[in-house]
Amino acid sequence: MEKKDGIPERLERSSRDTPRAGDLPAGRLAPAEAARAWPPNPCQTGAIEGAAQRVSSASRPLQRPISSFLARTDDERQQFDIPDFELVKRQRRLDKSKMNLLLSDDYLLQDYPENITNTIRSGHSTCVRFNRKGDYLASGRGDGTVVVWDIETMGVARKLRGHSKQIQSLSWSRCGRYLLSACAGWKAILWDLQDGKKYREVRFRAPVYGAELHPWNHHQFAAALFEAQPVLVDVQDRKDVQHPLPTAPEHDTVKQTTTAMIYTAKGAHLLSGTSKGRLNIIDTTTHQLIYSEKIAERSAVLLLRLTESGKDLLVNSNDGIIRTFHLPDLSAPDLDPDTIQLPLEHKFQDVVNKLRWGHVTFSATGEYVAASAHNNHELYIWERAHGSLVRMLEGPKEESTYLEWHPHRALLVACGAETGRINIWSVTSPQKWSALAPDFVEVEDNVEYIEKEDEFDIHPHEEIQKRRLDQEDEEIDVMGPVGNKTELEQEADNFRVPILFDLGDSDSEDEFINVGFGTLRRKSPGEQDDGEGTGGEKAPPKKRGRAKKK
């Protein structure tokens, strides 16, 4: 092989015939030839650098904050179809969430609970439910008492007595002021937590499986009854109105009852499950069935849950399979009932031990699904992204009957079947005080503090008054989230359960016993069923014997 200046002729010819990036004039090659000739030889350094630049430029817009879109022109903003004030609100919420994450330092930890961190008890709890903000937890007891817990202090805020049978279900209003409780004694009570009294009491002709309050209207709720048609109850007037709802399509002649009901996110439709495995969608305005599908073969639907966005549905049936579905937008104006589809996302089951699931719930973000099993003391947590089991929570050696996930935190509560205690699983986060202030420094030993020159100076009154006037001249933010909140959302943010100073109503256990002047003790379990008394002490036993004759 001939060489020219020390370079083989074959290599020189191949490098000369190969087109390069700078040697491709526009229109010189045909489209097919250009596709075959481009890109150039990847072994060349220039091609690799160009590819790296293209990758970096393609990924750069993903890292831009929302505030960068505010600098776009009006034409560019119309392409995104997002108003300016919406972008400002999103950026503020993003900055606020980042600040909260830095302060709590929980973003470095797992987003699902790991172990038990607390246990609370008031009687034998059978069901629990968080309110929308997550600052209160309502628990229903076996004796018909409803207890409202303060999550921050883990103390009892209210005790509501009005039922005589076991509490079956609990449901909060969006504002957090009203609480709906349904028991096995054929009635449901709507409580007003402002004064702790009954707002309305509704009686039915059959025991109640469960009742769900409307997400936007506390005067309306739906109830599933035992061996009877479900009803939609309106308590707007002095006399409640009960509208019967369908259970199955007209062509289905199999006898079945509604066992679970839940509202959609906007409250325009009801999702119901039947004892024969059907999933129904009911219009709350016309009270008509617009969709029905059999999702479980000959197995009752036990529970229905939705994510906070209302786009994902969780169904627990009696066949040992937990199903998740993607829910379409049922409030769309162009919705056609004939085209409604509920695509199945995942099936969670134990194919080895054939466990039956007792209660299921979504996580705060909807990324995880938690479940308790019958005759098993462990709690199972699956990840929805891959459908895999990520955690088995070891708890007390008893079965958990009811589960509830905190709406904003990695916190899970469960009721024990035997003891009735409420066990709380959460993430133990280490305290990081340096995140509270940028100039805060953590030290292991005591150090001598050097005072700054003007740190503790006393400023004159005129200067303090001038600073106060300058603060009054600052512009007030009227376009922020607080200014755009509706009346219902402002009520939800402002409402707090009033503090009770009565020791008996605010205690976490059942009762106190007065054993002396200024001395109290808790009533022992053997004294729970004793007769009521002012002091709580037993009367001395009567002496037995013959009476003396006078």
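Residues numbered from 1 in each chain as written. Predicted model: local features only at pLDDT ≥ 70, side-chain atom pairs only at ≥ 80, totals over all residues. Heavy atoms only, no water.

- The name given to the chain in an unreviewed UniProt entry is Set1 complex component swd1, with Podospora comata as the source organism.
- In its Subcellular location (unreviewed entry) section, UniProt records this for the chain: "Nucleus". (UniProt positions renumbered as here; feature names shortened; annotations may be inferred.)

Considerations on the overall build of the chain
Okay, so step 1: When its secondary structure is counted, the chain shows 8 helices and 32 strands.
Okay, so step 2: Sequence-distant contacts, at least 24 apart, represent 45% of the contacts inside the chain between residues at least 6 apart.
Okay, so step 3: Put simply, the chain shows about 34,500 Å² of open surface, and 50% of that area lies on carbon and sulfur atoms. (Helix = DSSP H or I, 4+ residues; strand = E, 2+ residues; numbered from the N terminus. Contact = heavy atoms within 4.5 Å. Areas by Shrake-Rupley, 256 points an atom, 1.4 Å probe, with all protein chains shown as cover.)

Overview of the sheet that holds strand 4 (residues 125-130)
Okay, so step 1: Strand order in the open sheet formed by 4 strands is 4-5-6-7, and the pairing between neighbours is antiparallel. What marks the edges here is a single partner per strand, and that holds for strand 4 and strand 7 (155-161). Averaged over all adjacent pairs, the angle separating strand axes in this sheet is 20°, with direction ignored. (Pairing = 2+ DSSP bridges. Axes fitted to C-alpha atoms, helices over the stretch in contact; angles between N-to-C directions.)

Here we look at the environment of isoleucine 290
Okay, so step 1: Within the fold, isoleucine 290 resides in strand 19 (residues 289-294).
Okay, so step 2: Among the residues examined, isoleucine 290 registers a relative accessible area of 21% and is labelled partly exposed.
Okay, so step 3: Separated by 50 residues in the primary sequence, isoleucine 290 and isoleucine 340 have C-alpha atoms spaced 9.0 Å apart.
Okay, so step 4: Among all residues touching isoleucine 290, those that are not within four sequence positions of it are His269, Ile281, Asp283, Pro337 and Ile340. (Buried < 20%, exposed > 50% of the residue type's maximum accessible area, 1.4 Å probe, protein only.)

Considerations on the UniProt feature "repeat: WD" (unreviewed entry) in the chain
Okay, so step 1: Under the feature "repeat: WD" (unreviewed entry), the UniProt entry names residues 126-159 and 160-201.
Okay, so step 2: Taken end to end, residues 126-159 is 0% helix and 65% strand, and its two terminal C-alpha atoms sit 15 Å from one another.

Some words on the nonpolar core
Okay, so step 1: Grouped together as the largest cluster of nonpolar side chains are 31 residues, with contacts concentrated most on Leu137, Val148, Val413 and Ile422.
Okay, so step 2: Ignoring any residue separated from it by four or fewer positions in sequence, one finds valine 148 in contact with Tyr136, Leu137, Ala138, Gly155, Val156, Ala157, Arg158, Leu160, Trp172, Leu179 and Leu193.
Okay, so step 3: Listed in part, the 18 residues of the second largest apolar core include Phe204, Ala206, Ala223 and Val235. (Core = buried A, V, L, I, M, F, W, Y, C linked by side-chain atoms within 4.5 Å.)

Brief notes about the sheet that holds strand 18 (residues 278-283)
Okay, so step 1: Strands sit in the order 16-17-18-19 across an open sheet of 4 strands; the sheet is antiparallel. Each edge of the sheet is formed by a strand with only one pairing partner; in this case those strands are strand 16 (258-263) and strand 19. Adjacent strand axes in the sheet meet at a mean angle of 20° when their direction is disregarded.

Some remarks on a nonpolar patch on the surface
Okay, so step 1: A cluster of nonpolar side chains, Val441, Val443 and Val447, forms an exposed patch at the surface whose accessible area comes to about 300 Å².
Okay, so step 2: If you trace the backbone, valine 447 turns up in the loop between strand 30 (422-426) and helix 6 (461-472).
Okay, so step 3: For valine 447, a relative accessible area of 61% puts it in the exposed group. (Patch = residues over 30% accessible without salt bridge, like charges linked within 9 Å, V, L, I, M, F, W, Y side chains within 5 Å. Salt bridge = Lys/Arg side-chain N within 4 Å of Asp/Glu carboxyl O.)

Quick word on the packing of aromatic side chains
Okay, so step 1: Under the definition given, this model contains 7 aromatic pairs.
Okay, so step 2: A connected cluster of aromatic rings, assembled from ring pairs, spans Phe348, Trp357, Tyr380 and Trp382. (Phe/Tyr/Trp six-rings, centres within 6.5 Å; stacked < 30°, edge-to-face > 60°.)

Focus on unusual backbone geometry
Okay, so step 1: With a phi angle near 70°, tryptophan 186 is a residue other than glycine that sits in the positive phi range.
Okay, so step 2: With respect to the helices and strands, the residue tryptophan 186 is situated in the loop between strand 9 (178-183) and strand 10 (187-192).
Okay, so step 3: Classification of tryptophan 186 as partly exposed rests on a relative accessible area of 42%.
Okay, so step 4: Its identity as a non-glycine residue notwithstanding, glutamate 227 has a phi of 55°, on the positive side.
Okay, so step 5: Counting through the fold element by element, glutamate 227 comes out in the loop between strand 13 (220-225) and strand 14 (231-234).

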